[in-house]
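What follows is each chain in one-letter form.
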Amino acid sequence: MTLPFSTLAREEGFALSQPLTVRWQYQTERTVNLTPAVRDGLIYLPLTAGTLLSLRGSSGELLWKEETGGEFSAAPLADEQGVYVATEVGGAQETHFPRATGALRALSSRSGITRWMRTLQSPLRGALAASEKMIFAGAADGRVYAFGKERGEVLWMSQFKATFNSQPILSAGRLYIGGEDGNLYALEQETGRTVWRYQTRGALRGPVSVAEGTIFFGSADNYVYALREADGRLRWRSRTGAEVQAVAYTSQGLVVASLDNFVYLLSLRRGARVWKRQLAGRIASQPLASFDGALFAPLSGDACVVLDLKDGKQVNNLPVGEGNNMAASPVASGQMLLVTTRQGLLAFASSTNGKTARAGNPRAEFNESILPR
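Rules and cut-offs
Residues numbered from 1 in each chain as written. Predicted model: local features only at pLDDT ≥ 70, side-chain atom pairs only at ≥ 80, totals over all residues. Heavy atoms only, no water. Helix = DSSP H or I, 4+ residues; strand = E, 2+ residues; numbered from the N terminus. Polar contact = N/O pair within 3.5 Å; in protein donor to acceptor, adjacent residues only side chain to side chain. Buried < 20%, exposed > 50% of the residue type's maximum accessible area, 1.4 Å probe, protein only. 1 Å grid on protein atoms, 1.4 Å probe; cavity = no way out; pocket = protein on both sides within 12 Å on 5 of 7 lines; lining within 4 Å. Points joined across faces, edges and corners; volume = space filled by probe spheres on them. Pairing = 2+ DSSP bridges. Nonpolar A, V, L, I, M, F, W, Y, C, P; charged D, E, K, R; others polar. Axes fitted to C-alpha atoms, helices over the stretch in contact; angles between N-to-C directions. Phe/Tyr/Trp six-rings, centres within 6.5 Å; stacked < 30°, edge-to-face > 60°. Lys NZ or Arg CZ within 6 Å of the ring centre and 35° of its normal.

Draft legend 1. Broad picture of the side chain of aspartate 292. Among the structural elements, aspartate 292 can be located in the loop between strand S28 (288-290) and strand S29 (293-296). One polar contact links aspartate 292 to serine 17, side chain to side chain, over a distance of 2.4 Å.

Set out below in structure tokens:
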């Protein structure tokens, strides 16, 4: 089973329904609508102007800051070999010699120093995906790339008519990526060859969930789809009230967030509606699901909301400040729940933990404006 990077709180015993309070906060007004990367207790937070921060997950302490230039064009990715970031630069194009506007970098996870950089004709969009030896991404010019991790060389490139602004997912030797033309592509990871594709009537921007031989995803055509992983044949589709960017597989059903402010739980076998709930605002970010609930960050309101997977009733509320929610997805790191806001990064933890500090405790706060650059 392969699940999107941001949808599951995998840590054993991590309960979203338990009382959670702010353990620490990193204050900055330079956050962007891209999900931070987490790996081995470290957090990599993207900011405006191509600035990447490395924070200690347990305390929010700043470890290093790196200026990559330009602006981030896709969410960062971290693994045992380093941190990978995609950036873009603006400016007018030359008439005879168009300028490359995209770049992919591999940074040292210890220091932030660039290990290698690959310039690209157009920027990568959405998010990155990684196998043991390769990095995968879709670009604004309709290209899908596989890069070597060691040197950043292009191992293969597949050209499509539509552009990409989605989150690629890897499963069983295949790369699944959605296009702005409504196609879901299943590509061979080793060669980039198209195994199959499935056409919907709206753009695909969120990640798929792959489980039990089925691929689940949402489309801007207001439908949720379930396809056979083997050949891409339709198993079922279920209509919602608006565009769907976010779905999350759970053992109790498929969690779906549509842009009409509604959240659904659909049965995995037939797509039948189990329950439907309205939230305070649109949900553009990926839900974070645990064994006891699913966390949503509506763009309106002043809090993240946890709903019970059994009946959709609210079981928890995480205040983040009025108008502070963003489209960056909440993520789990160890026993921390990380929420990106317009005022910085909040780390929630169980209030039963004696080390937990309330928001406002100066020992638990870090302010970018007073830290060394």
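Draft legend 2. Main features of unusual backbone geometry. For alanine 49, which is not a glycine, the phi torsion comes out positive at approximately 60°. If you trace the backbone, alanine 49 turns up in the loop between strand S3 (42-46) and strand S4 (51-56). The exposure class assigned to alanine 49 is partly exposed, which follows from its relative accessible area of 37%. Positive phi, close to 50°, is recorded for alanine 172, a residue that is not glycine. For alanine 172, the position within the fold is in the loop between strand S16 (169-171) and strand S17 (174-178).

Draft legend 3. The arrangement of empty space enclosed by the protein in detail. By the definition in use, this model includes one cavity of 30 Å³ or more. The volume enclosed by the largest cavity comes to roughly 30 Å³. Looking at the largest cavity, the residues that line it are Gly178, Leu184, Leu204, Arg205, Gly206, Val208, Phe217 and Gly218.

Draft legend 4. Up close: the pairing of strand S33 (residues 336-341). Counting buried positions along S33 gives six out of six residues, so the element sits mostly inside the fold. Of the two faces of S33, both are covered, the one formed by Met336, Leu338 and Thr340 as well as the one formed by Leu337, Val339 and Thr341. By the bridge criterion, three bridges tie strand S32 (residues 331-333) to S33 in an arrangement that is antiparallel. Within the sheet, the bridge partner assigned to valine 331 lies in S33 and is leucine 338. Hairpin connection from S32 to S33: two residues lie between these consecutive antiparallel strands, with glycine 334 at a positive phi of about 60°.

Draft legend 5. Up close: the layout of surface pockets. Taken as a whole, the second largest pocket encloses approximately 490 Å³ of empty space. Listing elements by their share of the lining of the second largest pocket, those giving two or more residues are strand S6 (71-72) and strand S12 (124-130). Looking at the lining of the second largest pocket, the element that brings in the most residues is S12, giving three residues. When its residues are assigned to classes, the lining of the second largest pocket shows 10 nonpolar, 12 polar and three charged.

Draft legend 6. Quick peek at the sheet that holds strand S31 (residues 314-319). Spatial strand order, S28-S29-S30-S31: four strands in an open sheet with antiparallel pairing. In this open sheet, the two edge strands, each paired with only one partner strand, are S28 and S31. Here the strands of the sheet are splayed against their neighbours by 20° on average, with no regard to which way each runs. Here three bridges tie S28 to S29, and the two strands are oriented antiparallel to one another. Bridged to alanine 289 within S29 is alanine 294.

Draft legend 7. The sheet that holds strand S5 (residues 62-67), seen in detail. Pairing within the open sheet is antiparallel, and its four strands lie in the order S2-S3-S4-S5. The open sheet has two edge strands with one neighbour each: strand S2 (37-39) and S5. Across the sheet, the mean angle from the axis of one strand to that of its neighbour is 15°, orientation sign disregarded. Across five bridges, the pairing between S3 and S4 is antiparallel. Bridge pairing links tyrosine 44 to serine 54 in S4.

Draft legend 8. Region of interest: the packing of aromatic side chains. For the structure shown, the criterion picks out 13 aromatic pairs. An aromatic cluster is built from Tyr198, Phe217, Tyr223 and Tyr225, whose rings are joined through pairwise contacts. The lysine or arginine in question, arginine 237, covers the ring of tyrosine 223, its NZ or CZ lying 4.1 Å from the ring centre.

Draft legend 9. A look at the environment of tyrosine 225. Inspection of the secondary structure assignment puts tyrosine 225 in strand S22 (residues 223-228). By relative accessible area, which is 2% here, tyrosine 225 ends up buried. Counting along the chain gives 13 residues from tyrosine 225 to serine 238, while the straight-line C-alpha distance between them is 6.7 Å. A distance of 2.6 Å separates the side chain of tyrosine 225 from the side chain of aspartate 221, its partner in a polar contact.

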